[in-house]
Structure formats: C-alpha cells, structure tokens
Amino acid sequence: MKLVLTVVVLVGALASTCSGYQVKPKNYSATVEQLQHEYARAEKEFEREFRIWKHTGVKTPRFREMLDSWKIPREERGMELEDLPIQREGQICLLCRSVVGQLMQQRQNGATRDDLFGTAYELCTTLQIQEPDVCYGVIEINIDFFIYIFDNRPSLGSDSVCAVIFQSSACILSDPEFLDWSVNVDASGRPVTESKHFPSARGPNDIKIVQISDLHYDPKYQMGYNAVCNRPACCRNDQGIPEDPSEQAGRWGDYRDCDSPWDAIEDVIDHVAEFHPDAAYIYHTGDMIDHGVWETSIGHNIGAMNRIYSKLIRTFPDTPVLNILGNHEAHPTNVFAPTINVRPDFSMDWLYRFSADLWGHWLPQSTRHTIQQGGFYTYLIRPGLRVVALNNQDCYTFNWWILWRPDYLANQMQWLHDVLLVAERNNEKVHILAHIPYASSGSTFRICQREFRRILERFHDTISAQFHGHTHRDEFNVFYSRESPEHAINVAWNGGSTTAFSDINPNYIVYYVDPETYQVTDFESYIFNLTDANLTPDRRPDWFKLYSFAEEFDMHNLSPAEADRMVKRLGTPAGRDELYRYWQFKVKLGDPSLEAGCDENCLLNHLCQVVVSEMGDDVKCDELRETFFD
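Predicted model only: the values in this text are computed from it and were never measured.

What counts and how
Residues numbered from 1 in each chain as written. Predicted model: local features only at pLDDT ≥ 70, side-chain atom pairs only at ≥ 80, totals over all residues. Heavy atoms only, no water. UniProt positions renumbered as here; feature names shortened; annotations may be inferred. Helix = DSSP H or I, 4+ residues; strand = E, 2+ residues; numbered from the N terminus. Phe/Tyr/Trp six-rings, centres within 6.5 Å; stacked < 30°, edge-to-face > 60°. Buried < 20%, exposed > 50% of the residue type's maximum accessible area, 1.4 Å probe, protein only. Lys NZ or Arg CZ within 6 Å of the ring centre and 35° of its normal. Contact = heavy atoms within 4.5 Å. Polar contact = N/O pair within 3.5 Å; in protein donor to acceptor, adjacent residues only side chain to side chain. Disulfide = S-S within 2.5 Å. Pairing = 2+ DSSP bridges. Axes fitted to C-alpha atoms, helices over the stretch in contact; angles between N-to-C directions. Domains from an automatic or database assignment. Buried area = accessible area lost by both parts, 1.4 Å probe. Salt bridge = Lys/Arg side-chain N within 4 Å of Asp/Glu carboxyl O. Expected span 1.5 Å × (residues − 1). Arc of directions from axis to C-beta.

Overview of the UniProt feature "domain: Saposin B-type" (unreviewed entry) in the protein chain
Alright, step 1. The sites that UniProt annotates as "domain: Saposin B-type" (unreviewed entry) are residues 89-175.
Alright, step 2. A helix fraction of 72% and a strand fraction of 0% characterise residues 89-175, whose end C-alpha atoms lie 20 Å from each other.

The following block contains the structure:
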C-alpha cells in the first residue's frame, strides 16, 4: 500500500499502510492560500504544454523541463502523503490536478480508452512513478472505472477528484455534492458532560479477545528471492534471486516491502490457538491479500482468502471468529462499487457472496443479507454485547466510487446509526470493527469522519470500543466530543499486523474486556523479532509479550478518561521518555525503524495522530503543541 505520487489511477492502488500525521506550522493556512494562485498559474501552463504535445506529438523544451522537475524520487515512492515534508502537499495536488484535468479533457474531446491508456502510461513512466510493468498493470486494472465516472459525471472537476484522493489542507474540496450529505441522527441522546470513565481495572473474570489483523498472505513469496525489487511487493518467485545475500528474502518474512509467506500465516494462527486457548472471540480485521496491486484478479484473491479461512476454520472450529473485509480483498485493490451501480462487471457481489459463505461458519443466518448486500453485519455475540462489523472501505479516499456518488456513503453509516439506536433501547453495549481507522486523515474521506463522529457522540454511552487494522502499527486513537472537545468519549484500538511490511515486527493483540461494561481494561501486544527468526529458519519464531498497555503507561484501565490523562502526560517534556517508548511499541521494535529513530518533531506528530480524529480539526493537537516544549 505504498503511496506513490502519481497519475490518479495509480495512487490508491499503491497507497501506504501507514497513514501518519504532521503538525502544521502556525502560518500554514495563510501560506497555502498564497500558493493557490501560483498553483493555478502552473496548472494553466501545464495545460498549454500538454495540448501542444497531444496536437503535435512533440514535447517542447518547457514541457520536458516541467516533467523533469516533477519526477518522483525513488525514496518518495514508498512514502505516505502525510509523511512527506508538508510543503509537498500543494505540489502533489498541483501535479494531480494538472494530469487528471488533461485526461478528463481528452475524454471529453473524444479520446478512446487506448488514447487515455497511452497518455497515462507515458506520464507514469516519464515521471518515474513506478516501474513500467507496475504502471501498465495498475492502469490496465483501473482505467475503466475512471472512464465510466468521467463519462457519467460530466460536472466533476479535477479539483474535486484530487481533493478527495489527495486529501489535505492544500487540496481544497468545495463541491457541495461531496460536502452536503449527512446521516439522520436521533436527537434524544444524553449530552456529553464529562470524559467517559469506568471504575473497573483488569480482573480475573475479564473476557479475553484476540485481534489478528493484516495477514497479507503472498502466494508468490519465496525464501531467498529479491527483497529489493523497486516495486510495491517484493520477495516474489518471479523477481529473481539477488547476488547480494543481504537482499534475499528470509524464511519468516522480511522487513522490506514484502508480504507474508504461508509458513508465517500458519505460525501466527497456530500460536494464538496454542497460547490463548481461553480466548472467547477472535477479531480478524481484514487485509488478507498481498500488495501485488498491479496484477490482482478475482481468482487470485479468492484462492488466497479461501486458504486462510480454511486454516481459521480448522484451528478455531468452536471459537467465534468475527471477520471483516480489508481494502486489499477487492479487485482492483480499494475499489468497492456501490450496489446501485448498473454495470455487472463492476459489481462486488463475488466478494460479498464469498464472504457470506465462509463467514457463515461462525455467524448466524441472520447476518447473511447485509453481508451479501455490502460486506457488513451485526451480531449479538453474548447477552449485552453486540458486534457491529463494518465495511468502511466505501469511505476510503482511494475508492474511486466516491467520485461518482458521494452521497451513497450515507447508506452504511445510516445503517450503523439505526443498529446503535436499537442496541441502546435494548441496553446492549457495542464493539465496532472496521478495517480503516476512522481517525485516519490520510485514508478516511473527511465527510465520513465528520458523520462518524456525530454518530459516536450520539451513542457514546453505547459504544464501548472500536477495533481497527490497516496501518500495520500498534497504535490507538482517542475521540473527543465535537461539541465539548475537552471531553474524551471513545477509544479506537489498532491490532497492528502479522505482516512485517514494512520495517516492523509481526504482532497480534490480546484484549481484556470487562464482562459488565464491555470496556477494554488492558491489552497485551505479542511479537517476535524478525531478524532473530530468520537467523534460525528451521525453528518456529520465538513469540513473546512485548508489553501490557495499562502497566507500561500506569493506567487504572483503558477508559477514554484514562487515555486522555495519559496523552496529556506524554505531551509534556516530563513525558518524553514515555512517549518514545510508545513510539517504539507502535513500530513493534522493528529493527529498521529503531535504527532510523524518531526525533522530537517526529514524536509530536505521532502524539497528535492519537488525538486528531477529523481532518481540519486540530484543536487537540494545538493543545499538545503548547505543552510539548515547555
């Protein structure tokens, strides 16, 4: 999922797993506003030079100069937009608007599919966005969706396209069709008057729940093959064996841009079953498919998922496994067409029916309808505790269908609201499972963030916890009231990943949940060191408990109030050592990450990521910045 700065058809398919956050300079908004005029001028110049090229077949010296200046350095291919220097946001938005605007104009002028493909491919290779075979594959897989959207949304502008996909303060979204939809929220809830807290600490009767996330099984992974291939996924059996032994893939995975071999998939599942036989539930939060985004297919995805589900069924025949979809389960990657779409070749029915069949081993028949409809469901897993399992890939900024009908995003969110309303009336507590963290400003469409926070605030008494994946990091988010931002109302936990992609150790999480409130009282993260494991390839990896969250950070429990107290402490000079430990645990002591380190500005970015849950709402981050360097 490495985010490349690209012709738009490439962006989402190659997007990074790790969606970071950058604290904005105090003059950031004014600077962005000043630069908009310069960006508009450059966009017009690109348009002029592009048209000369298309009309004459010749790139002028000025056009070549522009393309050379926009080439993507190899080291930036693997960086999330938010992890780049913040001044790059506007430059990337400019590149996107310039290229997409001309592709759209070409189509309006009668360009064929082959014409558009040729233009996109030449720009992708000229700008060095990816290797030629990756450019070819990703464009081929995705181009028909864009042609359909361009043809059926003639009013859609490149500014809106880029503001959705390259979501940032420098890429301005103003189209009311994207902004002016909402969920009907019941108005009878109890107002938020304080941070949510509860008295229970971790106890012997707590329910144990194991979260497994982001397996990313690669059927092509092969020990000894090239781990430095300059593509979104390496260590594959068609990429050759490098002469340098240090560039060869290890037995149990690789810190570089490589997914998981089958041996590693089997090992983590077997380890959970062997060492946590008392787990009441398994939360499996998506992304089973590899990062070979330029060559996915329905058959490939089904084959890989079927192997994993078969292993889970054999290993946990009597322990409920609550599954959700990740963005990689789709073909093409990230693209989840709405059910209202009329083109059968764009339909996601194959994935939803497959999921309903396999998940049916653990779920009641009553869940089948919504799974087949959209890959989501709800299930009362025990008296008083309801799981709501979402397919929130519809709100992923790299799901192209947002560009077609942004208001369709309200459908599943309205269903979530209505389920929560019934749960509230029945005095049930709810755990929400969703692959992509709603707080991720680099991944979740900003209006979905806004509407989710409205729902979260309305049902702050009912929702006990959220569980996410996608980022591959052992991290969490604290949600604050929109109306009273001094009050913390919910916490979302992230299960990390069992893949080492990239620069991290594999992990899984064991949660301890109070049997009355169903709040999380503590969790433990289990990892193994990949370097050590690969040094002894004939032995199973040596898993160990990395830490207990409550013990490590001196918390009575993991309530929103306690999490808020912890964050405030880490946001002071006296909490710097604790914050550094949090970052070390977040990257799961991955050897390359520890070697790279994290300075004070980096640490502040990671801390702000905990408290920012809606793009543009930096209130809590600004508060932390004021205390951070005191």
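Structural notes on the packing of aromatic side chains
Alright, step 1. The final tally for this structure, using the stated rule, is 43 aromatic pairs.
Alright, step 2. Seen from their ring centres, Tyr508 and Trp543 are 5.3 Å apart, and the 50° between their planes marks the pair as tilted. Here Tyr508, found in strand S10 (residues 507-513), pairs with Trp543, found in the loop between helix H16 (530-535) and strand S12 (544-548); they are 35 residues apart in sequence, far enough to count as distant. With respect to class, Tyr508 is no different from Trp543; both count as buried.
Alright, step 3. The structure contains a cluster of three or more aromatic residues connected by ring pairs, namely Tyr283, Phe467, Phe476, Trp493, Tyr511, Phe523, Tyr547, Phe549, Phe553, Tyr582 and Phe585.
Alright, step 4. One residue, Lys54, lies across the ring of Trp53, its end atom 4.1 Å from the ring centre.

Details of the side chain of Ser613
Alright, step 1. Along the chain, the position of Ser613 falls in the loop between helix H21 (600-611) and helix H22 (619-628).
Alright, step 2. Ignoring sequence-local partners within four residues, the contact set of Ser613 consists of Tyr438, Ala439, Gln449, Arg453 and Phe479.

Some details on the environment of His271
Alright, step 1. Tracing the chain through its elements places His271 in helix H10 (residues 262-275).
Alright, step 2. Judged by its relative accessible area of 6%, His271 is buried.
Alright, step 3. Separated by 270 residues in sequence, His271 and Pro541 place their C-alpha atoms 9.7 Å apart.
Alright, step 4. In this structure His271 touches His276, Tyr508, Arg540 and Trp543, once residues within four positions along its chain are discounted.
Alright, step 5. Here the side chain of His271 touches Tyr508 through a polar contact of 3.1 Å, side chain to side chain.

Remarks on the state of the cysteines
Disulfide: a covalent bond formed between the sulfur atoms of two cysteine residues.
Alright, step 1. In the structure shown here, the tally under the stated rule is 8 disulfides.
Alright, step 2. For Cys124, the disulfide goes to Cys135, at an S-S distance of 2.0 Å. Taking the torsion about the S-S bond as the criterion, the Cys124 to Cys135 disulfide, at about -70°, is left-handed. Taken as a pair, Cys124 in helix H6 (residues 113-126) and Cys135 in helix H7 (residues 132-152) lie far apart in primary sequence, 11 residues in all. Of the two residues, Cys124 and Cys135, neither departs from the other in class, the shared state being buried.
Alright, step 3. Covalently, Cys229 is tied to Cys234 through a disulfide, its sulfur atoms 2.0 Å apart. With the S-S dihedral at roughly -85°, the linkage between Cys229 and Cys234 falls on the left-handed side.
Alright, step 4. Look at Cys229 and you get buried, because its relative accessible area is 6%.

Things to note about the sheet that holds strand S7 (residues 463-468)
Alright, step 1. Strand order across the open sheet formed by 6 strands is S4-S5-S6-S7-S9-S8, with mixed pairing between neighbours. Both outer strands of the open sheet, strand S4 (377-382) and strand S8 (476-480), are each paired with one neighbouring strand and no more. On average, each strand axis in the sheet is tilted by 25° relative to the strand beside it, whichever way the strands run.
Alright, step 2. Two elements, strand S6 (residues 429-433) and S7, share 4 bridges in a ladder whose sense is parallel. Bridging across to S7, Val430 finds its partner in Ile463.

Topic: the sheet that holds S12
Alright, step 1. Judged by pairing direction, the sheet is mixed, and its 6 strands sit side by side in the order S3-S2-S1-S10-S11-S12 without closing on themselves. Of all strands in the sheet, those bounded by a partner on one side alone are strand S3 (321-323) and S12. Between one strand axis and the next, the sheet turns by 25° as a mean value, whatever way the strands run.
Alright, step 2. As paired elements, strand S11 (residues 520-527) and S12 share 4 bridges and run antiparallel to each other. Its bridge partner lying in S12, Glu524 is registered against Ser548.

Quick look at the domain arrangement of the protein chain
Alright, step 1. Domain boundaries in the protein chain define domain 1 (3-178) and domain 2 (207-218 + 259-628).
Alright, step 2. The distance between the C-alpha centroids of domain 1 and domain 2 comes to 30 Å.
Alright, step 3. The interface is formed by 47 residues belonging to domain 1 together with 45 residues belonging to domain 2.
Alright, step 4. Here domain 1 meets domain 2 over a buried area of about 4000 Å², counting both sides, of which 63% is carbon and sulfur.
Alright, step 5. Inspection of the region where domain 1 meets domain 2 yields 0 salt bridges.
Alright, step 6. Taken together, domain 1 and domain 2 are joined by 8 residue pairs in polar contact (both at pLDDT 80 or more).
Alright, step 7. Of all the secondary-structure elements, those providing two or more residues to the side of domain 1 that touches domain 2 are helix H1 (8-11), H7, helix H8 (158-165) and helix H9 (176-179).
Alright, step 8. No other element matches H7, which puts 12 residues into the side of domain 1 that touches domain 2.

What about H6?
Alright, step 1. Taking 1.5 Å of rise per residue, the 14 residues of H6 would be expected to cover 20 Å, and the 20 Å separating its terminal C-alpha atoms lies within 8% of that figure.
Alright, step 2. Leu116, Phe117, Thr119, Ala120, Leu123 and Cys124 are the residues of H6 that are buried. The arc that holds the buried residues of H6, viewed along the axis, is 165°, so those residues lie on one side.
Alright, step 3. One or two steps after H6, the chain reaches Gln128, where phi turns positive at roughly 55°.

Structural notes on helix H14 (residues 409-425)
Alright, step 1. Its 17 residues place the ends of H14 25 Å apart at the C-alpha level, agreeing with the 24 Å of an ideal helix rising 1.5 Å per residue.
Alright, step 2. The buried count for H14 comes to 12 of 17 residues, which makes it a mostly enclosed element.
Alright, step 3. The set of residues buried in H14 consists of Leu409, Ala410, Gln412, Met413, Gln414, Trp415, Leu416, His417, Val419, Leu420, Leu421 and Ala423.
Alright, step 4. Against the buried residues of H14 lie helix H13 (368-374), S4, strand S5 (385-389), S6, helix H15 (446-458) and S7.
Alright, step 5. One or two residues past the end of H14 sits Asn427, with phi positive at roughly 60°.

Concerning unusual backbone geometry
Alright, step 1. The residue after His331, namely Pro332, is reached through a cis peptide bond having omega -5°.
Alright, step 2. Tracing the sequence through the fold places Pro332 in the loop between S3 and helix H12 (349-359).
Alright, step 3. Here the amide bond leading from Phe501 into Ser502 is cis, since omega sits at -5°, within 30 degrees of zero.
Alright, step 4. Positionally, Ser502 belongs in the loop between strand S9 (488-494) and S10.
Alright, step 5. Within the chain, Cys235 stands out as a residue other than glycine whose phi angle is a positive 65°.
Alright, step 6. Here Cys235 is to be found in the loop between strand S1 (207-212) and H10.
Alright, step 7. Despite not being glycine, Lys588 has its phi angle at roughly 60°, a positive value.

Focus: the pairing of S8
Alright, step 1. Counting buried residues along S8, 5 of its 5 residues qualify, which places the element largely inside the surrounding structure.
Alright, step 2. The alternating pattern of S8 places Phe476, Val478 and Tyr480 on one face and Asn477 and Phe479 on the opposite face, and all of these are buried.

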